[in-house]
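Residues per chain are reported as follows:
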Amino acid sequence: MKQKPTYKKPVAACAIILFVGAITLAVLMETRQMAPPRKYEVDMSGEVIGIDHGPKTPVLTKEEVKDEEVKEERKSESTEEKKPKEEDQSSEKDEPIIVPTVPGDRPDATPSVKVPKPEIKKPTVESIEN
């Protein structure tokens, strides 16, 4: 009597190869050197003009520094003004909300929609001739 062939050895070999490949790929990805991200100069149409090698931190003149300080002061003042408004809103939330109730025992309280019943035909069994 002939035995069915078992595929234990080929399946085991494929599993080992996949496992070793996954570990190798993980090690290679963790140890590779990453290049720093590039910034490109792009014109209005979206075409790349060249690589931007400009300074990373913006260089500000004395006038621009003063403008930045004024903007920061305005932001801090506006946040201080917003805080009392938030307190007023929280006091409004403390008041209970009155929701009108609809009694469930009244028949006219629930809308009634009459839908015609679909006609269901009785299934018929037909014999098939060969």
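Residues numbered from 1 in each chain as written. Predicted model: local features only at pLDDT ≥ 70, side-chain atom pairs only at ≥ 80, totals over all residues. Heavy atoms only, no water.

A. Local environment of the overall build of the protein chain. Secondary structure assignment for the protein chain yields two helices and two strands. Accessible area of the protein chain: about 14,500 Å², with a carbon and sulfur share of 59%. (Helix = DSSP H or I, 4+ residues; strand = E, 2+ residues; numbered from the N terminus. Areas by Shrake-Rupley, 256 points an atom, 1.4 Å probe, with all protein chains shown as cover.)

B. View of a nonpolar patch on the surface. On the surface, I16, F19, V20, I23 and V27 cluster together to form a nonpolar patch covering roughly 480 Å² of accessible area. Inspection of the secondary structure assignment puts V27 in helix α1 (residues 8–31). For V27, a relative accessible area of 47% puts it in the partly exposed group. (Patch = residues over 30% accessible without salt bridge, like charges linked within 9 Å, V, L, I, M, F, W, Y side chains within 5 Å. Salt bridge = Lys/Arg side-chain N within 4 Å of Asp/Glu carboxyl O. Buried < 20%, exposed > 50% of the residue type's maximum accessible area, 1.4 Å probe, protein only.)

C. Structural detail: the pairing of strand β2 (residues 48–51). Pairing analysis gives three bridges linking strand β1 (residues 40–42) to β2, with the strands arranged antiparallel. The partner of E41 across the bridge, within β2, is G50. What sits between the antiparallel neighbours β1 and β2 is a turn of five residues, in which G46 has the positive phi angle 100°. (Pairing = 2+ DSSP bridges.)

D. Structural view of the confidence of the model for the protein chain. Summary statistics for the protein chain give a mean pLDDT of 77 and a share of 70% for residues scoring 70 or more. Put simply, helix α2 (residues 62–93) is where the protein chain has its lowest mean pLDDT, 73, and α1 is where it has its highest, 96. (pLDDT = per-residue confidence, 0-100.)

E. Expanded view of a negative patch on the surface. A surface patch of negative charge is lined by E63, E64, D67, E68, E69, E72, E73, E77, E80 and E81. Relative to the helices and strands, D67 resides in helix α2. (Lys, Arg positive; Asp, Glu negative; His and termini not counted. Charge placed at Lys NZ, Arg CZ, Asp CG, Glu CD.)

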